[in-house]
Amino acid sequence: MSAESPEALLRVRDLRVHFPTPDGLVRSVDGLSFDVRPGEILGVVGESGSGKSMAGKAILGLHEQARTTGEIWYGDQQLVGAADEELRRLRGAKIAMIFQDPLSSLHPYFTIGAQLSEAYRVHRRTGAKAARARAVEMLSRVGIPAAARAYGAYPHEFSGGMRQRAMIAMALICDPGLLIADEPTTALDVTVQAQILQLIRDLSEESGSAVVLITHDLGVVAETCDRVVVMYAGRCIEQAPVAGLFERPMTPYTWGLLGSIPRLDATLGRLEPITGQPPSLIDLPAGCSFAPRCGFASRVPDHRCTTELPEPLVAGAPDHLARCHLPVEDRQHIWHTQIAPAL
Amino acid sequence: MIRHIAHRLLGALGVLLVVSVVTFAIFQLLPRVTKVDMAFYYTGRNTSAAQAAAVAERFGFDQPIWTQYWTWLSGIFTGRELGDGVSTVHCAAPCLGWSFRQNRSVTEMLVQAFPVTASIVLGAAVLWLAGGVATGVLAAARRGSLFDRGSTVISLLGVSIPEFFSGMLVIYALTAGPGWLRWYSGGINYVPFTDDPLRWAANLLPVWICLAFLIAAVYTRWTRAAMLETMSEDFITTATAKGLRRRTVVGRHGLRAVVPSVVTLAGLDLGALLGGVIIVESLFSFPGLGRLAYDGITTKDLPVIMGTTLFAAVLIVVANVVVDACYAILDPRVRHVS
Amino acid sequence: MSLLEVRDLRKTFVRGHGRRRRVVNAVDGVSFEVGAGETLGLVGESGCGKSTTAGMVVRLIEPTSGQISFAGTELAGRSERSLRPLRRELQMVFQDPQSSLNPRQTVGTILSAPFQIQGVQPDGGVLPEVRRLLERVGLNPEHYNRYPHQFSGGQRQRIGIARAIALRPKLVVCDEPVSALDVSVQAQVLNLLAGLQQEYGMAYLFVAHDLAVVRHLSDRVVVMYLGRVVEQAEREELYRSPAHPYTQALMAAVPRPRVPEQRKKVLLRGDAAADGPAGGCPFRPRCPRYATELGAADQSRCTQEAPELVPLSPRQSAACHFV
């Protein structure tokens, strides 16, 4: 979707993740393209069923039942269709991943320390002692007090926040260039969420690792990310630097998302939610997948919204791409006169 | 931890008391068994009605049932003097009764038969655990493969073919079958381990295979199902995302998660089987607990039936306690909560 | 007189055995009132006791002590049987619409159950009323013979709401009714709840962890921490000038979906351990005011004396020694 950026750390091009089911082919991700630049925090935001988590797992080749096509380039290495062993060497070493629920994502019967050391030893040929020292170092780096003691603890002895810290320590133990964080704070309380997001930001800055932060929460994106990809029905519908997205969002879907969120700093009379339901991933509508729910589709002549898939085009700013048939000027006008004042 | 186990042991003692009451009651309160019949069952000889009545009185069968129970129960701890009107025998503690048919104490018979059953069950357990769990893990790891489907068919056969059928085939093939298979032309007989370990193992091998094949089938299916469930857990995704080799993910992270449930199953099975494997023992004519119980039943030797029943019940209770303790050791979450 | 009056409500759970046995005060002396037709928001993080409180109000959880008076009737200590007539006036909407609807019953059966249980015969019969209900909550009235799994999450929550309002109760207790839903669906359900309140004039006890959602719907808000009320205020007062250091930190921690200004902010350390410190203020271990602003003499007050809820104004009160 983005213009060619040769310096990108990760390039995803026309990624498709399809699951054959008895009811038909579920197109979880259907033509997704984006870049991750070195050191940046890229937010991937969308509602359930948008394909954001599926895309994250596809990067590491974690889908067993899926048909994955397209291109995922990490440097000059193409990951779609790569040999198992090639992917395995990459996982944890170059690209690491953390998940939504740290309790179920850690093995309940192994100590935190054993799980960290194992992640280190599988990629670095070191002895148990060196791995242990590294694990303790990582535990204290993510802010776990008494790291040497925490090494011998089991996951259930930790609080939710501490578990997610341990997951982060485990993910970063081999200094990967990219961390994929799949809803890392959704299961946590808001005060703990703030700590974990801060930690991810600090560590990314410190180590220069890029982060793909998958979330449903536009607030988390605004406070944590540099750039953002908005997903809808398996595709990127809009992508922009964070400031650009929140200053002038360029698709009716993003407007709808913003209008749906209750505000902490203002008392709104009534929310302006998106009407209807997301489309079925088995039977995606022709044209723009958002068109059936879009209040502006009727303004585009010749039913183009329901017949022709809009291409991602530059909208407003050079780094801001959006898929929408409405003329850019019209969208700017609508945003400034109708949408923004109501928020 | 120790508290936890002490707690469980106390509970087990209570269960044992109930078991002893029930065991006693079942055989004493059987309908249509009159006091005279009791005496008959007890002595097992061709007694006249008058003699039987005399025996009944001597044994206290005319006493209230609770007095009888107490005499029986205290005999387990202190021993008893028993007589049939002709002679008196001393049944030393722990006295589970006296078989007048064989003129031996039931305890002695149990002590003699237990090593036979233990040899059969423990040896077979090694086979069924190793075979069943390994097959289950591999089948789950290669779900849908030829191996998976093959193992499903074989374990289905294992579950559905009764052991008296497969056992008879084995006995026939090995003792009277074609020459190249007739490895046991002298018959399959139990040899105590202390007499000759090699012949002990050689003679037990067909028994082990026969019993293990049946039970391994259950373990294969159980392990496969548990592994498939485990492999869809989040921590398995984490293990894969760490870059672990597939065999480490399956063999370490996956298998470790199903170990507690397999141990639970195995512990309860062992407890139940150590009390006697009636069919297999009878089939191979191995003088174990199962055979003892079977003979007791066919000859209406009531003290033997009660003794073997109580002993089997004790083993099951003990197995439950052991399984609980194992679970606490294997699952750190239980360990810390208790 | 308020519709619902809760006085000094407590719930203790016993965890563990023997030496590890300890008593957890899940709800530790909570008092509040809900007036007819108003919405009281009950907000806090996990383990603060907000859901336990909601459960006690509808008597799904037996209170250890305290009074719950609803429309002038005392609920605490009454038998399930004698509560039944009151259930008509007091309904609940659950967090997970998937598990709170019987999967083997059609929506029509689910929605006609309240009428049958309470022996109410609506004008024109039960079925037309069920269809009216479905239409009112934004579902197709012809779908009354479908099963819950044929609906999406948001639609199922609408069914749960329809069941709760079927008998026009005076109070609906909503326990995290939108936290399992996507933002766009969440907004639809919030609008529905607001619209129903306008139409029928019922009161809500709205339990949620999301401060923005609570602001949107509530007239007054109660903030809980480790089983206690730390602050209680009218909506505008609370969000304009939160008084308790915990409320302040909670609000600061909420990520805002707008152009970021400054990213580094003061973060609350640690998390609310299920067993707070014995005695004194339960928030003390994480309190930024305690850690940075107070002298030794003031600190010892926090460690020894649990603060009571004191009024700062007629519209706002907080439980902190140093507000």
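By convention here, each chain's residues receive numbers from 1 onward along its written sequence. Whichever chain is written first is A, and whichever ligand is written first is 1; the rest continue in order. Reporting of local features is limited, given that this is a predicted model, to residues whose pLDDT is at least 70; pairs of side-chain atoms are given and counted only at 80 or more, and all residues count toward the totals for whole chains, interfaces and linings. Excluding hydrogens and water, the side-chain values take into account all heavy atoms of the structure.

Under an unreviewed UniProt entry, the name given to chain C is Oligopeptide/dipeptide ABC transporter ATP-binding protein, and the source organism is Kribbella kalugense.

If you look chain A up in an unreviewed UniProt entry, it shows as Peptide/nickel transport system ATP-binding protein from Kribbella kalugense. Under the UniProt heading Subcellular location (unreviewed entry), the entry covering chain A gives this text: "Cell membrane". What UniProt records for chain A under Sequence similarities (unreviewed entry) is the sentence "Belongs to the ABC transporter superfamily." UniProt positions are given in the numbering used here, feature names are shortened, and annotations may be inferred rather than shown by experiment.

### Topic: the overall build of chain C
The secondary structure content of chain C amounts to 11 helices and 12 strands. Along the three orthogonal principal directions, the C-alpha set of chain C runs to about 70 × 50 × 40 Å. Each residue is assigned to one of three classes by its accessible area relative to the maximum for its type, calculated with a 1.4 Å probe on protein chains only: buried under 20%, partly exposed between the two thresholds, exposed over 50%. Relative to its 323 residues, chain C shows a buried fraction of 52%. Residue contacts are counted whenever heavy atoms from the two residues lie within 4.5 Å of one another. Partitioning the intrachain contacts of chain C with sequence separation of at least 6 by distance along the chain shows that 64% fall at a separation of at least 24. Surface exposure of chain C reaches about 14,200 Å², of which carbon and sulfur atoms provide 47%. Within chain C, the 32 negative side-chain charges are centred at a point lying 5 Å from the centre of the 41 positive side-chain charges. Strands here mean DSSP runs of E at least two residues long; helices mean DSSP runs of H or I at least four residues long; both are numbered from the N terminus. To be clear on the numbers: accessible area is Shrake-Rupley with a 1.4 Å probe, and residue cover counts the displayed protein chains and nothing else. In this tally Asp and Glu are treated as negative and Lys and Arg as positive; neither His nor the chain ends contributes. The atom standing in for a charge is NZ when the residue is Lys, CZ when it is Arg, CG when it is Asp and CD when it is Glu.

### Overview of the overall build of chain A
Per the secondary structure count, chain A includes 13 helices and 12 strands. Note on method: radius of gyration uses C-alpha positions; expected globular size equals 2.2 Å times residues raised to 0.38. Taking 343 residues into account, the globule formula puts the C-alpha radius of gyration at 20 Å, and chain A, at 21 Å, falls close to it. When burial is assessed residue by residue, chain A has 61% of its 343 residues classed as buried. Intrachain contacts of chain A at a sequence separation of at least 6 include 65% that bridge at least 24 residues. Across chain A, the mean location of the 33 positive side-chain charges is 5 Å away from that of the 39 negative side-chain charges.

### Digging into the environment of C:Arg158
Residues and elements named next belong to chain C. Within the element layout of this structure, Arg158 appears in helix H5 (residues 153-165). Put simply, Arg158 and Leu134 are 24 residues apart on the chain and 8.3 Å apart in space, counted from C-alpha to C-alpha. Among all residues touching Arg158, those that are not within four sequence positions of it are Val137, Gly138, Leu139, Gln188 and Leu192. Polar contacts, as used here, are pairs of N or O atoms within 3.5 Å; protein pairs need one atom able to donate a hydrogen and one able to accept it. Residues neighboring in sequence count only if both atoms are side-chain atoms. Within polar-contact distance, the side chain of Arg158 engages the side chain of Gln188 at 3.2 Å.

### Re the pattern of salt bridges
Side chains bearing opposite charge may pair, as long as their charged atoms lie close to each other. Salt bridge, as used here: a side-chain nitrogen of Lys or Arg that lies within 4 Å of a carboxyl oxygen of Asp or Glu. One pass over the structure, following the stated rule, counts 45 salt bridges over all chains. The salt bridge involving C:Arg315 is made with C:Glu237; its shortest N-O contact spans 2.8 Å. Placement of the pair is C:Arg315 in the loop between strand S11 (310-313) and strand S12 (316-318) and C:Glu237 in helix H8 (residues 235-240), with a sequence separation of 78 residues. Classification of C:Glu237 by relative accessible area gives buried; the value is 13%. Bridged by salt links that share partners, the residues A:Asp14, A:Arg16, A:Arg27, A:Asp30 and A:Arg235 form one connected network.

### Description of the sheet that holds strand S2 (residues 24-36) of chain A
Residues and elements named next belong to chain A. Being paired, for any two strands, means DSSP has found at least two bridges between them. What the four strands build is an open sheet, ordered S2-S1-S4-S5; its pairing is antiparallel. Each edge of the open sheet carries a strand with a single partner, namely S2 and strand S5 (77-78). Sheet topology note: the strand S1 (residues 10-21)/S2 ladder contains 10 bridges and is antiparallel. From the neighbouring strand, Leu10 faces S2, where its bridge partner is Val36.

### Quick word on the state of the cysteines
Here, the word disulfide means a covalent bond between the sulfur atoms of two cysteines. Disulfide: a pair of cysteine sulfur atoms within 2.5 Å of each other. Tallied over the full model, the rule gives one disulfide over all chains. Disulfide pairing is shown between B:Cys91 and B:Cys95; the S-S distance is 2.2 Å. Between B:Cys91 and B:Cys95 the disulfide shows an S-S torsion of about 110°. By sign, it is right-handed. Comparing B:Cys91 with B:Cys95, the two get one shared label, buried. Summary of cysteine pairing: A:Cys324 is not part of a disulfide, and the nearest cysteine sulfur, belonging to A:Cys294, is at 6.3 Å. Judged by relative accessible area, A:Cys324 falls into the buried class, the value being 15%. No disulfide involves C:Cys48; its sulfur sits 15 Å from that of C:Cys281, the nearest cysteine.

### Some words on the UniProt feature "domain: ABC transporter" (unreviewed entry) in chain A
UniProt records the feature "domain: ABC transporter" (unreviewed entry) at residues 10-258 of chain A, using the numbering of this structure. Here residues 10-258 of chain A runs as 39% helix and 27% strand, with 28 Å between its end C-alpha atoms.

### Considering a negative patch on the surface
Patch construction takes residues with relative accessible area above 30% that form no salt bridge. Like charges are linked within 9 Å, and nonpolar side chains (Val, Leu, Ile, Met, Phe, Trp, Tyr) are linked within 5 Å. A cluster of acidic side chains, namely A:Asp101, B:Glu229, B:Glu233 and B:Asp234, defines a negative patch on the protein surface. In this fold, B:Asp234 is placed in helix H9 (residues 234-241). A relative accessible area of 35% means that B:Asp234 is categorised as partly exposed.

### Details of unusual backbone geometry
In the Ramachandran plot, A:Asp14 falls in the positive-phi region, its phi being about 50° despite a non-glycine side chain. Structurally, A:Asp14 can be placed in strand S1. Despite not being glycine, C:Leu226 has its phi angle at roughly 45°, a positive value. Looking at the secondary structure, you find C:Leu226 in the loop between strand S9 (220-225) and strand S10 (228-234).

### Considerations on helix H3 (residues 107-118) of chain C
Residue and element names in this part refer to chain C. Those residues of H3 that sit buried are Val107, Gly108, Ile110, Leu111, Ser112, Pro114 and Phe115. As for H3, its buried residues are in contact with helix H4 (126-136) and H5. After H3 finishes, the residue Gly119 shows a positive phi value of roughly 65°.

### Quick word on the side chain of C:Glu38
Residue and element names in this part refer to chain C. Tracing the backbone shows Glu38 in the loop between strand S2 (22-34) and strand S3 (39-43). Within the structure, the side chain of Glu38 is placed 2.9 Å from the backbone nitrogen of Gly35, a separation counted as a polar contact. Side-chain polar atoms of Glu38 contact the side chain of Arg220, separated by 2.7 Å.

### Thoughts on helix H1 (residues 50-57) of chain C
Along an α-helix, residues three or four positions apart point the same way, because every turn accommodates 3.6 residues. Residues and elements named next belong to chain C. Burial within H1 is extensive, with seven of its eight residues counted as buried. Within H1, burial applies to Lys50, Thr52, Thr53, Ala54, Gly55, Met56 and Val57. Looking one or two places after H1, you find Arg59, whose phi comes out positive at around 60°.

### Thoughts on the interface of chain C and chain A
Each side of the interface is counted separately: chain C has 40 residues, and chain A has 48 residues. By buried area we mean the combined loss of accessible area, with a 1.4 Å probe, across both parts when two parts are placed together. Of the roughly 3,800 Å² buried between chain C and chain A on both sides combined, carbon and sulfur atoms contribute 54%. Counting across the chain C and chain A interface gives one salt bridge. Between A:Asp265 and C:Arg258 there is a salt bridge, with its nearest N and O atoms 3.1 Å apart.

### Considerations on the nonpolar core
Nonpolar side chains tend toward joint burial in soluble globular proteins. Membership of the largest hydrophobic core comes to 114 residues, with the highest contact counts inside it found for A:Leu10, A:Leu15, A:Ile95, A:Leu116, A:Leu139, A:Ile168 and A:Leu178. Excluding residues within four positions of it along the chain, A:Ile168 makes contact with A:Ile98, A:Val142, A:Ile196, A:Leu199, A:Ile200 and A:Leu203. Grouped together as the second largest cluster of nonpolar side chains are 68 residues, C:Val93, C:Val178, C:Ala233 and C:Cys302 included. What we call a nonpolar core is a set of buried Ala, Val, Leu, Ile, Met, Phe, Trp, Tyr and Cys residues that are connected through their side-chain atoms within 4.5 Å.

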